[in-house]
Amino acid sequence: MIADEATLARLMAMAQNGDRQAYAALLAACSQWLMRFYRRRVAPHSCDDLVQETLMSLHQKLASYDPERPFLPWLAAIARYRWVDHLRKLYRADETGFDSEPIAASEEPAIAARISLAQLFQYLSPAQARAIELVKIEGLSVAQAAVACGQSESLVKVNIHRGLKKLAALIEKD
Amino acid sequence: MATTDDLIANLVDELRPVRRMRQAQGLWLIAAAIGLGVAVVLLSLGLRPDLAAGRLDPIFLMGSGSFLILGLAAAVTVVIMGRPQVGTDHRGWLWAAAMATVLPLAALITGIAAGPATALARSAPDHGLTCLLVGSALGLMPALLLVAWLRRGAPTSPERAGLITGVAAGCFGIFAVSLYCPYNDIMHIGLWHSLVVVTCAAAGRAVIPRLIRW
């Protein structure tokens, strides 16, 4: 079960004061939340690595959370930043299968929908979103993606480049 | 890579109490950034004669006021960017930027009407170069303070944060210089003073992202 927003915010405030028990509970809850958050937007074999990278970023940036503000939108901003960074670094993934569970399902569906990764894709053009999904998430080569989506290889590259640039600028947008 | 459970155990072991980044700290940082520049100008170059005599020129007030407001808007945006949150809009400073654009536009229109030779003479290029150099140099201090804030925080758009930091730094730098610079002509303020902001913004966009990426 994923902890609710209020519980996570309280645990985070305690962790900022040095409470290790609260921090352990927070990180465990965050790892579950992140696993759901990233599912279907990252090749499955990369999901664990990305969750761990995000937990390390959370650890490094603990001071940037304000307990007077909601916790999940802060965590989502960190997670989106790591995700875009991951997509930028990624050239090819090996696996293409995906879990069919809904993305970022949680006890706060409205918040989850607002801060989800899928939400970011709606700001891309369909061609940009498709190119990124095929090459950066599903792990196809540029040539395979060009055949799959009916674009030329150079257009696929341009769409990936422009799409990632746009995503990077939209990380805190809801 | 270790398992997530191992990682969590290590991170928990490393936990120390942290000093939270509060909005008020960021606002004090901005006040310090402005105050430092003003203090350096007043102590090293002195106050412009008309201000010292208590006379306030409207062009000076509008020019300096526009740069100060744009600097404040940009610096507050930088402070907000240090503490990320999905749902935050970082575009508010653009309205202040649009307002400040009136200064170079007014200089351009005035310059076209007056002719190139007259416009250049009115812009006082010798002194303008001093304003450009001193204003940009003074922008370094606020830039360093804001970069330190961003390095503590978690800016999710380093490129944009670099650009906005540069805008804030340039505005605070030229605001401080304007307390010394005796020129009230719109040609001088619209060209040389605006150029400080553009220069610092370009430098901020080019240099700062690599300092704040995480």
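Residues numbered from 1 in each chain as written. Chains lettered and ligands numbered in written order. Predicted model: local features only at pLDDT ≥ 70, side-chain atom pairs only at ≥ 80, totals over all residues.

**Student:** A description of the nonpolar core should follow, citing residues and the corresponding values.
**Tutor:** Judged by nonpolar contacts, the single largest core of 56 residues is most densely connected at B:Ala74, B:Ala75, B:Val78, B:Leu146, B:Val167, B:Ala168 and B:Cys171. Of all the secondary structure elements, the ones that give two or more residues to this core are helix H2 (23-44), helix H4 (58-81), helix H5 (93-100), helix H6 (102-114), helix H8 (125-152), helix H9 (158-178) and helix H10 (186-212) of chain B. Apart from the residues within four sequence positions on either side, B:Ala75 is in contact with B:Ile30, B:Ala33, B:Leu146 and B:Ala168. Core analysis: the next-biggest nonpolar cluster, separate from the first, contains 54 residues, A:Tyr38, A:Tyr65, A:Ala146 and B:Ala154 among them. (Core = buried A, V, L, I, M, F, W, Y, C linked by C-beta atoms within 7 Å. Buried ≥ 20, exposed ≤ 12 C-beta atoms within 10 Å, placed from the backbone. Helix = DSSP H or I, 4+ residues; strand = E, 2+ residues; numbered from the N terminus. Contact = placed C-beta atoms within 7 Å.)

**Student:** Run through the domain arrangement of chain A, naming residues and quoting values.
**Tutor:** Residues and elements named next belong to chain A. Looking at chain A, the domain boundaries give domain 1 (5-94) and domain 2 (123-173). On a C-alpha basis, the centres of domain 1 and domain 2 stand 25 Å from each other. Each partner contributes to the interface: domain 1 provides 13 residues, whereas domain 2 provides ten residues. The residue makeup of the side of domain 1 that touches domain 2, split by class, is eight nonpolar, no polar and five charged. (Domains from an automatic or database assignment. Nonpolar A, V, L, I, M, F, W, Y, C, P; charged D, E, K, R; others polar.)

**Student:** Please set out unusual backbone geometry residue by residue, giving values where relevant.
**Tutor:** One non-glycine residue, B:Ala124, lies in the positive phi region at around 50°. Residue B:Ala124 is classed as partly exposed on the basis of its 19 C-beta neighbours within 10 Å.

**Student:** Please set out the interface of chain B and chain A residue by residue, giving values where relevant.
**Tutor:** Each side of the interface is counted separately: chain B has 27 residues, and chain A has 38 residues. At five residues, helix H1 (residues 4-14) of chain B tops the list of elements feeding residues into the side of chain B that touches chain A. Of the residues contributing to the side of chain B that touches chain A, the split by class is 13 nonpolar, eight polar and six charged.

**Student:** Run through the environment of B:Gly46, naming residues and quoting values.
**Tutor:** Residues and elements named next belong to chain B. Position of Gly46 among the secondary structure elements: in the loop between H2 and helix H3 (49-52). For Gly46, a count of 11 C-beta atoms within 10 Å gives the class exposed. Along the backbone, Gly46 and Met62 are 16 residues apart, and their C-alpha atoms lie at a distance of 21 Å.

**Student:** Which residues make up the environment of B:Arg213, and what values go with them?
**Tutor:** Residues and elements named next belong to chain B. Positionally, Arg213 belongs in the segment after H10. Using a count of 15 C-beta atoms within 10 Å as the deciding quantity, one classes Arg213 as partly exposed. Separated by 58 residues in the primary sequence, Arg213 and Pro155 place their C-alpha atoms 7.8 Å from one another.

**Student:** I'd like a rundown of the packing of H4(B) against H5(B), residues and numbers included.
**Tutor:** Residues and elements named next belong to chain B. Closest axis-to-axis distance for the H4/H5 pair is 8 Å, and the angle between their directions is 160°. By the angle class used here, H4 and H5 are roughly antiparallel. Considering how the two elements wind past one another, H4 and H5 form a crossing that is left-handed. Residues Ser66, Phe67, Ile69, Leu70, Ala73, Ala74 and Thr77 of H4 lie in contact with H5, whose contacting residues are Trp93, Ala96, Ala97, Met99 and Ala100. (Axes fitted to C-alpha atoms, helices over the stretch in contact; angles between N-to-C directions. Parallel < 35°, antiparallel > 145°, perpendicular 65-115°, else oblique. Left-handed = near helix turned anticlockwise from the far one by under 90°.)

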